[in-house]
Protein chains: 6
Amino acid sequence: MTLKPIEHADAAPEVRAVYDDIKAARNVPDVNNFWKMAAHHPPTLKRTWESLREVMAPGALDPLVKEMIFVAVSVTNGCDYCIRSHEAAARRAGMTDAQFGELMAVIGMANETNRLAKGYQVEIDEALK
Amino acid sequence: MTLKPIEHADAAPEVRAVYDDIKAARNVPDVNNFWKMAAHHPPTLKRTWESLREVMAPGALDPLVKEMIFVAVSVTNGCDYCIRSHEAAARRAGMTDAQFGELMAVIGMANETNRLAKGYQVEIDEALK
Amino acid sequence: MTLKPIEHADAAPEVRAVYDDIKAARNVPDVNNFWKMAAHHPPTLKRTWESLREVMAPGALDPLVKEMIFVAVSVTNGCDYCIRSHEAAARRAGMTDAQFGELMAVIGMANETNRLAKGYQVEIDEALK
Amino acid sequence: MTLKPIEHADAAPEVRAVYDDIKAARNVPDVNNFWKMAAHHPPTLKRTWESLREVMAPGALDPLVKEMIFVAVSVTNGCDYCIRSHEAAARRAGMTDAQFGELMAVIGMANETNRLAKGYQVEIDEALK
Amino acid sequence: MTLKPIEHADAAPEVRAVYDDIKAARNVPDVNNFWKMAAHHPPTLKRTWESLREVMAPGALDPLVKEMIFVAVSVTNGCDYCIRSHEAAARRAGMTDAQFGELMAVIGMANETNRLAKGYQVEIDEALK
Amino acid sequence: MTLKPIEHADAAPEVRAVYDDIKAARNVPDVNNFWKMAAHHPPTLKRTWESLREVMAPGALDPLVKEMIFVAVSVTNGCDYCIRSHEAAARRAGMTDAQFGELMAVIGMANETNRLAKGYQVEIDEALK
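Counting of residues starts from 1 at the beginning of each chain's written sequence and follows it residue by residue. Both sets of labels track the order of writing: A upward for chains, 1 upward for ligands. Per-residue local features of the predicted model are confined to residues with pLDDT of at least 70, and side-chain atom pairs are confined, for both listing and counting, to 80 or more; whole-chain, interface and lining totals are unaffected and use all residues. To obtain the side-chain values, all non-hydrogen atoms of the structure were included, while hydrogens and water were left out.

**Q** Requested: an account of the overall build of chain A, with residues and values cited.
**A** Across its full length, chain A carries six helices and zero strands. Mapped in sequence order, the helices and strands of chain A form the string α-α-α-α-α-α. Taken over C-alpha atoms, the radius of gyration is set against a globule rule of 2.2 Å times the number of residues to the power 0.38. Rg of the C-alpha trace for chain A: 18 Å, well past the compact-globule value of 14 Å for 129 residues, more than 25% over. Its C-alpha atoms put chain A at 55 × 35 × 30 Å along the principal axes. Going along the chain from the N terminus, every DSSP run of H or I of four or more residues is numbered as a helix, and every run of E of two or more is numbered as a strand.

Okay, structure coming up:
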């Protein structure tokens, strides 16, 4: 009943154009399932790709830092697909095992202290206003 | 009805010892409200401080990157106190306005694509298993 | 170790009565696994079914809109079972592929802007108070 | 310490152009605080506005349904600013008190049953695969 | 623009009947704001009160344990109103400061380890299937 | 691409020491996958185990109550692994089927009313401040 991924061979021209753009930008032989599912709504496919390309490009933050931030959000939201695909991207961008370990440790502590701050209903300090 | 922050002058010796340790480690005149509330349960105060000090110390990731990851989690969890205190910490660690802007952009896109991946029930690619 | 679904043949009379009510209301030959698990606590089975029947009935909002709202919540909470069962219900209520595509796009943008509003700690405008 | 909203008079030309576009599209005398904060990162301001305009435009779903979906996500994420601004937008699009009441009831039930499905670790029915 | 609480004097008879029922059951002179807001949709008011009364009644779990579970969910969802009202209810049911301290500590650790389990994509052990 | 669990035979001495400590404390022949994954970052393994042992020890709250709180958080966060492992731990600590049923019912109602409180933007009562 659920939708199936749309392969390149079965895709409409506007979808193929985005697939080709992703493949060229990332130098990969095929796009992954995320794009093949988003392709069911071509405007979402195009807009999401263009936004992601803009946001994840090297800028004031380097790509590795951006991918680790992406992992932190994905872990906190509990999205398995996103955790795996962005952990892979972070490793391609140079993340070491030691960096991954520290990333996980920070994510864990942030989630713990976020709840303590809420649970104790901590008032915002004057210096933070 | 809610608990009030415990000030240094009113704190038990075991709590004061942690406050003094935080003040020395961070070179600040007073600890902030988070610690003054956690102090209602001294074992939580001590354990949380020791864990946070260990996790946020410079290591394979530098302190600025760690603070930005902390902000990413806090924004995703919607913890106002945590957003403000760790944005402040990130700025003290050198975060520029441009870096903050990109941090927010990545957090936003990650949250969007996390939901698209869930909504489309994207299957994990073989290469990501 | 986990609980197993309770089939109609093995169910206590009070559970069977709810199963029969669901089957009649939805014109289906069997209830799905959600109900067969909730049946482990008969008061929860009965109360949840009665609440859901009341809330999802046609009213000021039509059933398709209600099912799409249900999907939006389920995607945001990351509940795979709920996404699949309510996407199916929305399709039975007439949701087209184009509507599903726009539903996903709105869910995605809402999640992105929710985090931007939190991350920038946007103050509520006077006109919204 | 936190950033302040950027008013039209103080905005760079690229920011003003977006503000003017929003004001024209929505026929309002001023943009709200969300945009004045996003303006601290002009690419985010521009991209977010263009994406939102595309996604929220009338299409296969009408604007009222889209705004109610937006509210459902915002309530589930706990974003006060987003709840208030999109409840206001939904009312402008014609949402009645009775519709708002049913919207809240559906959001509530969806959140309850999402957790029951998770808590009971309900297996996906064959028919939903 | 937001809705205002509906006071007893201004309430329709069906709403007053629920208010009176809550006041009698809890032995309080007035209902709190949660009910005065839910009253904008009388079926939600009535259903929520009846469900809550059933679920929170003494049973296999005592009321204090139930209120602490309620607090744990509310902290994890970040609902300030719910944290405060159910912390108050837990204290009325006998929660001591030491119990509150341990409750917060468990909530914190659960949130931390939840994210570590997700982040490391831990496979479910055979014994847990 | 993902990390694999580290078995006792392949573990570094510092990791083995923690494994042995867990096995002795819990009287089990092997540690579960959570620990075998956390072992990829030995400081996280050690700190998490020591924190969890301290927090989950009998104190002002008994172990069964603590495990049920842990389940409530895990269900709300949607962590399947954590739900299963802590439901198992709660059952080992004596949780009956009736208690599990009520636990689920409370979690469900708390999630529902959390969203109603947010959705209606309920103001905090004076008595709760």
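Having seen it, we continue.
**Q** Give a detailed account of the interface of chain B and chain A, specifying residues and quantitative values.
**A** The criterion used for residue contact is that any of the two residues' heavy atoms lie within 4.5 Å. Taken together, the 61 residues of chain B in the interface contact 61 residues of chain A. Buried area, as used here, totals the accessible surface that two parts lose on assembly, with accessibility defined by a 1.4 Å probe and the loss added over both. Summed over both sides, the interface of chain B with chain A buries roughly 5400 Å², with 73% coming from carbon and sulfur. When residues of chain B are sorted by the area they lose upon contact with chain A, Val106, Tyr120 and Leu128 of chain B head the list and together hold 12% of the total. What makes a salt bridge here is a side-chain nitrogen of Lys or Arg within 4 Å of a carboxyl oxygen of Asp or Glu, nothing more. The partner of glutamate 112 of chain B in a salt bridge is arginine 47 of chain A, and the shortest N-O contact between them spans 3.1 Å. Side-chain atoms alone can form a polar contact between residues adjacent in sequence; in general such a contact is a pair of N or O atoms within 3.5 Å, and within protein one must be able to donate a hydrogen while the other accepts it. In this structure, the connection of chain B to chain A is made through 26 residue pairs in polar contact (both at pLDDT 80 or more). Breaking the side of chain B that touches chain A down by element, the ones donating at least two residues are helix H2 (33–38), helix H3 (42–56), helix H4 (63–77), helix H5 (80–92) and helix H6 (97–119) of chain B. In terms of residue class, the side of chain B that touches chain A is made up of 32 nonpolar, 19 polar and 10 charged. In this classification, Asp, Glu, Lys and Arg are treated as charged, Ala, Val, Leu, Ile, Met, Phe, Trp, Tyr, Cys and Pro as nonpolar, and every other residue, Gly included, as polar.

**Q** With reference to specific residues and values, describe the relation of the copies chain D and chain E.
**A** Rotating chain D by 120° about the axis while translating it 0.0 Å along that axis superimposes it on chain E, leaving an RMSD of 0.0 Å. In symmetry terms, the pair is related by a three-fold rotation axis. Taking the C-alpha atom as reference, chain D places glycine 78 of chain D closest to the rotation axis, 4.1 Å from it. Alignment of the copies relies on least squares applied to C-alpha atoms, considering only residues that score at least 70 for pLDDT in both.

**Q** Which residues make up the interface of chain D and chain E, and what values do they have?
**A** The interface of chain D with chain E comprises 10 residues on the first partner and seven residues on the second. Across the interface of chain D and chain E, roughly 710 Å² is buried in total on both sides, 58% from carbon and sulfur atoms. Our count for the contact surface shared by chain D and chain E stands at zero salt bridges. Counting only elements with at least two residues in the side of chain D that touches chain E, the list comes to helix H5 (80–92) and helix H6 (97–119) of chain D. Partitioning the side of chain D that touches chain E into residue classes produces five nonpolar, one polar and four charged.

**Q** Now, about the packing of helix H6 (residues 97–119) of chain A against H4 of chain B: what can you tell me, with residues and values included?
**A** Working convention: axes come from line fits to C-alpha atoms, limited for helices to the stretch in contact. Angles between N-to-C directions cover 0 to 180 degrees. With their axes 9 Å apart at the nearest point, H6 of chain A and H4 of chain B run at an angle of 45° to one another. Compared by their axis directions, H6 of chain A and H4 of chain B come out oblique. Pair H6 of chain A / H4 of chain B crosses with right-handed handedness. Residue-level inspection shows Glu102, Leu103, Val106, Ile107, Met109, Ala110, Asn111, Thr113, Asn114 and Arg115 of chain A of H6 of chain A in contact with H4 of chain B, the latter providing Lys66, Ile69, Phe70, Val73, Ser74 and Asn77 of chain B. A breakdown of the residues in the contact of H6 of chain A with H4 of chain B according to their chemical character gives eight nonpolar, five polar and three charged. By the definition adopted for this analysis, an angle is roughly parallel if under 35 degrees, roughly antiparallel if over 145, roughly perpendicular if from 65 to 115, and oblique otherwise. Take the far helix as the reference: if the near one is turned anticlockwise from it by less than a right angle, the crossing is left-handed, and if turned clockwise, right-handed.

**Q** Describe helix H5 (residues 80–92) of chain C, naming the residues involved and giving the relevant values.
**A** With 13 residues, H5 of chain C should reach 18 Å at 1.5 Å per residue; the first-to-last C-alpha distance of 18 Å fits that figure. Only protein chains enter the calculation, and the probe is 1.4 Å; a residue is then buried if its accessible area is under 20% of its type maximum, exposed if over 50%, and partly exposed in between. Taken across its 13 residues, H5 of chain C has 11 buried, putting it largely inside the fold. Those residues of H5 of chain C not exposed but buried are Tyr81, Cys82, Ile83, Arg84, Ser85, His86, Glu87, Ala88, Ala89, Ala90 and Arg91 of chain C. In the core, the buried residues of H5 of chain C are packed alongside H6 of chain B, helix H2 (33–38), helix H4 (63–77) and helix H6 (97–119) of chain C together with H6 of chain D. Where H5 of chain C ends, the next residue or the one after it, glycine 94 of chain C, has phi of about 110°, a positive value. For a helix, the expected span equals 1.5 Å multiplied by the number of residues minus one.

**Q** Lay out the pattern of salt bridges in plain terms, naming residues and giving numbers.
**A** Between side chains of opposite charge, pairing is possible as soon as their charged atoms come close. Summed over all chains, the structure comprises 68 salt bridges over all chains. In this structure, glutamate 102 of chain B engages lysine 66 of chain A in a salt bridge whose closest nitrogen and oxygen atoms are separated by 2.9 Å. Note that glutamate 102 of chain B is positioned in helix H6 and lysine 66 of chain A in helix H4 (residues 63–77), a pairing that runs across two chains. Judged by relative accessible area, lysine 66 of chain A falls into the buried class, the value being 1%. Note that glutamate 7 of chain D is salt-bridged to lysine 36 of chain D, the shortest N-O span being 2.9 Å. Note that glutamate 7 of chain D is positioned in the segment before helix H1 (13–26) and lysine 36 of chain D in helix H2 (residues 33–38), a separation of 29 residues in sequence. Classification of glutamate 7 of chain D as partly exposed rests on a relative accessible area of 33%.

**Q** Which residues make up the relation of the copies chain B and chain A, and what values do they have?
**A** The transform that puts chain B on chain A rotates by 180° and translates by 0.0 Å along the axis, for an RMSD of 0.0 Å. Both chain copies can therefore be described as sitting about a two-fold axis. Interface overlap between copies: 100% of the residues of chain B at the interface are likewise at the interface in chain A, consistent with a symmetric, same-surface contact.

**Q** Would you mind going over H4 of chain C in detail, with residue names and values included?
**A** Because the α-helix completes a turn every 3.6 residues, residues three or four places apart line up on one side. All names here are of chain C. Taking 1.5 Å as the rise per residue, H4 with 15 residues should run 21 Å; its terminal C-alpha atoms sit 21 Å apart, in good agreement. Within H4, 14 of the 15 residues are buried, which leaves it mostly tucked inside the rest of the structure. Sitting at the head of H4, aspartate 62 places a side-chain oxygen 3.0 Å from the backbone nitrogen of leucine 64. Glycine 78 sits one or two positions beyond H4 and adopts a positive phi of about 70°.

**Q** An account of the confidence of the model for chain A is requested, with residue identities and associated values reported.
**A** What pLDDT conveys is the predictor's confidence in a given residue, as a value from 0 to 100. Mean pLDDT over chain A: 97, with 99% of residues reaching 70 or higher. Interface predicted TM-score (ipTM) for the complex: 0.97; the corresponding pTM is 0.98.

**Q** Break down the domain arrangement of chain A for me, citing the residues and quoting the values.
**A** These domain boundaries are the output of an automatic or database domain assignment. Taken as a whole, chain A is organised into domain 1 (1–55) and domain 2 (59–129). One C-alpha centre belongs to domain 1 of chain A, the other to domain 2 of chain A, and the line joining them spans 27 Å.

**Q** Break down unusual backbone geometry for me, citing the residues and quoting the values.
**A** Phi at asparagine 27 of chain A is positive, roughly 55°, even though this residue is not glycine. As for its placement among the helices and strands, asparagine 27 of chain A is situated in the loop between helix H1 (13–26) and helix H2 (33–38). Taking relative accessible area as the criterion, asparagine 27 of chain A reaches 71% and is therefore assigned exposed. One non-glycine residue, glutamine 121 of chain B, adopts positive backbone phi at about 50°. With respect to the helices and strands, the residue glutamine 121 of chain B is situated in the segment after H6. Residue classification places glutamine 121 of chain B among the buried residues on the basis of a relative accessible area of 11%.

**Q** So what about the environment of arginine 91 of chain D? Which residues, and what values?
**A** Within the secondary structure layout, arginine 91 of chain D lies in helix H5. Note: C-alpha distance between arginine 91 of chain D and valine 28 of chain D (63 residues apart in sequence) is 16 Å. Sequence-distant contacts of arginine 91 of chain D, defined by excluding residues within four places in its chain, comprise Thr96, Asp97 and Phe100 of chain D together with Leu3 of chain E.

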